[in-house]
Amino acid sequence: MDNSSVPQQTIDTITENNNRWHRVSPLAILYYIEKLFVILLNNIFYMLPALFVLWDKIQANPWIAASIIGVLLSIITFFSIWSFVVFRYRLSEGTVEVKSGIFSKKHVNLPFNRIQNVKIEQPFYYRIFNFSSMAFDSGGSLNQEARLIALPLSFAKTLQIEINEYKSNSTNTVSSFDVNNEYQLDSDNSTAASDEVVENTRSIGDLILHGITSNRLYILLAALAPFVDDIFSFAGEKLEGMGIDIQAHLDNDPAWQIGVWAISLLLLVIGLMTLLSIIGAIIMFYGYTLSRTHDKYIRRSGLITKHEVSVPLSRIQIALMKQDLLDIVFGRINLRLDQLNAQISSVNAGGNDTSKLLVPSVFAYECRDIIEHVFPSHNLHNTDFMAISKRFIIRYVSFIVIPITGVLSYSSYYNEGLSPMVPIAVFFVLAVLVYGRWLRWGYQINETYLYIQKGLLGRDKYCLPITKIQKITFSQSYFMEQNKLASLKIYLASGSYHIPMIDQDHAKTIYDYVLYKVESEAKAWM
Amino acid sequence: MSTVFTNSILNVDHSKIESPTKTHLADCYAMVTTAVSITFWAVLLMLALCALMQPFWPVPQSGRDITINIIMGASIIIGLLILFKYFEEKAKGYCVREQDITLFKGLIFKNIITQPICRIQHIEVKRGPIDRKVGLAKLHVYSAGDISQTFEIPGLALETANSIRNQILAHKEMQHHG
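As the structure is a prediction and not an experimental result, all values here were calculated from the model. (Residues numbered from 1 in each chain as written. Chains lettered and ligands numbered in written order. Predicted model: local features only at pLDDT ≥ 70, side-chain atom pairs only at ≥ 80, totals over all residues. Heavy atoms only, no water.)

A.B. asks: How do you make sense of the pattern of salt bridges when you look at a structure like this?
C.D. replies: A pair can form between side chains of opposite charge whenever their charged atoms are brought close. The tally for this structure, following the rule as stated, stands at 21 salt bridges over all chains. Between Glu199(A) and Arg292(A) there is a salt bridge, with the nearest N and O atoms lying 2.9 Å from each other. In this pair, Glu199(A) sits in strand S7 (residues 197-201) while Arg292(A) sits in strand S8 (residues 289-292), placing the two residues 93 residues apart along the sequence. Classification of Arg292(A) as partly exposed rests on a relative accessible area of 21%. We note a salt bridge from Glu89(B) to Lys92(B), for which the minimum N-O separation is 3.3 Å. Accessibility assignment for this pair places Glu89(B) and Lys92(B) in one class, buried. In this structure, a network of salt bridges that share partners links the residues Lys157(A), Glu196(A), Arg300(A) and Glu308(A). (Salt bridge = Lys/Arg side-chain N within 4 Å of Asp/Glu carboxyl O. Helix = DSSP H or I, 4+ residues; strand = E, 2+ residues; numbered from the N terminus. Buried < 20%, exposed > 50% of the residue type's maximum accessible area, 1.4 Å probe, protein only.)

A.B. asks: In this structure, what is going on with helix H13 (residues 364-374) of chain A? I would like to understand it.
C.D. replies: Because each turn of an α-helix spans 3.6 residues, side chains separated by three or four positions in sequence point in the same direction. Residue and element names in this part refer to chain A. For H13, the set of buried residues is Glu366, Cys367, Ile370, Ile371 and Val374. For H13, the buried positions fall inside an angular range of 125° around the axis, keeping them on one side. The secondary structure elements touched by the buried residues of H13 are S7, S8, strand S9 (296-301), strand S11 (318-323), strand S12 (333-338) and strand S13 (357-362). (Arc of directions from axis to C-beta. Contact = heavy atoms within 4.5 Å.)

A.B. asks: What am I meant to see in the packing of aromatic side chains here?
C.D. replies: In this description, an aromatic ring pair is defined by two values, namely the gap between the centres and the angle between the planes. All names here are of chain A. Going through the model one piece at a time under the given rule, you end up with 23 aromatic pairs over all chains. With a centroid separation of 6.1 Å and 20° between ring planes, the pair formed by Phe79 and Trp82 is classed as stacked. Of this pair, Phe79 and Trp82 both sit in helix H3 (residues 62-86), three residues apart, roughly one helical turn. Assessed through its relative accessible area of 24%, Phe79 is described here as partly exposed. (Phe/Tyr/Trp six-rings, centres within 6.5 Å; stacked < 30°, edge-to-face > 60°.)

A.B. asks: What is the right way to look at the domain arrangement of chain B in this model?
C.D. replies: Interfaces are frequently sized by the accessible area removed from exposure as the parts join. Residues and elements named next belong to chain B. Annotation of chain B at the domain level lists domain 1 (29-89) and domain 2 (92-177). A straight line from the C-alpha centre of domain 1 to that of domain 2 covers 33 Å. At the interface, seven residues of domain 1 touch nine residues of domain 2. Carbon and sulfur atoms supply 73% of the area that domain 1 and domain 2 bury against each other, a total of about 730 Å² over both sides. Joining domain 1 to domain 2, the criterion identifies one salt bridge. (Domains from an automatic or database assignment. Buried area = accessible area lost by both parts, 1.4 Å probe.)

A.B. asks: Help me understand the environment of Ile153(B), please; the structure alone is not making it clear to me.
C.D. replies: Residue and element names in this part refer to chain B. Residue position: Ile153 is located in strand S7 (residues 151-157). Separated by 88 residues in sequence, Ile153 and Asp65 place their C-alpha atoms 44 Å apart. Apart from the residues lying within four places of it in its own chain, the contact partners of Ile153 are Leu25, Tyr94, Ile101, Leu103, Ala137, Lys138 and Leu139.

A.B. asks: Got a minute to help me understand the nonpolar core in this structure?
C.D. replies: Note on soluble globular proteins: their nonpolar side chains tend to be buried together. All names here are of chain A. Counting residues in hydrophobic clusters, the biggest one holds 36 residues, and the most contacted among them are Leu464, Leu488, Ile490, Ile499 and Ile502. Among the elements that line this core, the one with the most residues is helix H17 (residues 504-521), at six residues. Filtering out sequence-adjacent residues up to four positions away, Leu488 remains in contact with Ile472, Thr473, Phe474, Tyr497, His498, Ile499, Ile502, Ala507, Ile510 and Tyr511. The next biggest cluster of nonpolar side chains, apart from the first, holds 33 residues, and it includes Val24, Leu27, Tyr125 and Phe155. (Core = buried A, V, L, I, M, F, W, Y, C linked by side-chain atoms within 4.5 Å.)

A.B. asks: How should the environment of Phe87(B) be read in this particular structure?
C.D. replies: Tracing the backbone shows Phe87(B) in helix H2 (residues 61-91). Along the primary structure Phe87(B) and Ala30(B) are separated by 57 residues, whereas in three dimensions their C-alpha atoms are 7.7 Å apart.

A.B. asks: Please clarify how the interface of chain A and chain B should be interpreted in this entry.
C.D. replies: Taken together, the 32 residues of chain A in the interface contact 30 residues of chain B. A buried area of about 2400 Å², summed over both sides, lies between chain A and chain B, and 52% of it is on carbon and sulfur atoms. Looking at the side of chain A facing chain B, the largest losses of area belong to Gln470(A), Lys471(A) and Glu519(A), adding up to 27% of the total buried there. Across the chain A-chain B interface, the total number found is one salt bridge. The residue Lys110(B) makes a salt bridge to Glu481(A) at a minimum N-O spacing of 3.3 Å. Linking chain A with chain B are eleven residue pairs in polar contact (both at pLDDT 80 or more), by the criterion used here. Among the secondary structure elements, those contributing two or more residues to the side of chain A that touches chain B are strand S17 (471-477), helix H16 (478-482), strand S18 (485-492) and H17 of chain A. (Polar contact = N/O pair within 3.5 Å; in protein donor to acceptor, adjacent residues only side chain to side chain.)

A.B. asks: Whenever I open this one, unusual backbone geometry confuses me. Can you help?
C.D. replies: Excluding glycine, a negative phi dihedral is what most residues carry, and trans is how most peptide bonds are arranged. Residue and element names in this part refer to chain A. Although it is not a glycine, Asn130 adopts a positive phi angle of roughly 60°. Residue position: Asn130 is located in the loop between helix H4 (124-127) and strand S5 (131-137). Judged by its relative accessible area of 27%, Asn130 falls in the partly exposed class. The phi dihedral of Ser377 is positive, around 45°, even though this residue is not glycine. Looking at the element boundaries, Ser377 is found in the loop between H13 and helix H14 (391-414). Ser377 sits in the exposed class, given a relative accessible area of 57%.

What follows is the structure, given as structure tokens:
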């Protein structure tokens, strides 16, 4: 095979080089190294306990540890180079084909008009050379995704436009796409097709606020609570090693002083965690712009790796306004517009939401306007939700809270160490939580949309377009039947959504109406 | 399509929306699945007993007693579960209407799952070795979204499964050209 360097810039070369397999630039090796590194790092998390146990041995034999790391690194490099060598792509009339894989060979053949989504990513190591990687996905199963790694940015942009053009021609719709072939090469102020309007931008202030509100600190603290003793004794030993005797201070210093220390320590930890969260938010959302063309939303953001996600409006399945407790305090909302298989792909991507259409920490009116373009005349921001049945509380208290309390009381009865106050306190706390959960649950339906609200401390509001519903489940347990209640589960292409324990007749009406609407209109859901 | 929207149960003459009514699965289905699971657990039980009684690595007496108790307890629980499962399988049913296909399942938690035909992406008739032996088939219906929740009607006579499949495919044709 001749050394086919990456074709330059113009569309002509795309069609000129028909039917020939191309290699990408050797920069792709960097991409593979990064990918393998991420896999390694993700798994190191599970190896940490082992590392911890072996720490002494590692310290005793640093050369062995270093050589293991060296071998690991060279394996990573070797496989990255190999992956690059076997990677081939071909652009022929209206299709992109990609061959890749070392052990399991993969050949993806993706016609342009089946491509739903074109994503251009610029990791930091590509930005130096003005390169990018392109991901296409077809809206089908996940393994039908094709990725062209290491293309010059300008080439990627031209290809993106060509694909869009091809799609609008092949569907015979008159395209209002005025294609602009002249691209500025510096990625910072590149604009795409001419009808693009910037819908929303996020300032650093917004991102800082997002960092604060999306902080999962309290969850971490709750998870750490059972280990407080271990942590303190561990920290005590370490400090003692550094010549600070905690125990002596605890015994000798006045109580107020210890209290001040404890509080300042706590504040320090909270501050550090919040800072990390803010840094995370800024890295992910720096320079955030959400822009809109006549048929899609485009999200660009990222400090180190620039992400660009474009999602056709028709592909959006659900609008979701998420608020954590702190978001409610600050009056901000995280808006998410989920597309196909949002729940599954978020699991696959390890919970990273760079590929999602997410607008961090916006005000309600901005939410309303952004959703308005996708779901016209929706009323998600000020819907009067109808409560679900109070039997929800009875169900969860009797099937979850009471058994837990029962087990606790039993063990406190036979175990001197456990005060009888514990089960009582646990019972009340859990019962209040169940009550709060009930308070948040709500649903509402109109001709075109189904609204759901749920949450506990936070509040999530969902707007489901009825014509996009894939299937629906009507379910009833024996007790619910006795009390004339029923639950509904609604499936969209983005996942499933649940309305528990509402009036049986009302559930039946919604069930019938949804089916009627979906089947009689038979509108496209994508 | 400007025709009047109808969604009556197929093979019944009505031109209005009817609630889906349950058609039961093939008679032998619940028996067959129960027989299969009884056989599976019986084989497992035999294997466990053989492992316990084999003369090559003798199990100490105390360990043997405990294991036998555990096996007996587990057998009772599994037996009850199999019995429950039998009635659950017997309670399953389906309904094919003009515009959608419905699955009824559950004994304590009753679920009515309805899949509009216009949302079906593809449809498969599947038959395992046991299904082939007794002349049954499963109908798998796929739509977009939650992969974990595939819509599957088990225990259909092969002709029934094929005819439902053909009806749905015919409907899809209409959708595409209409």
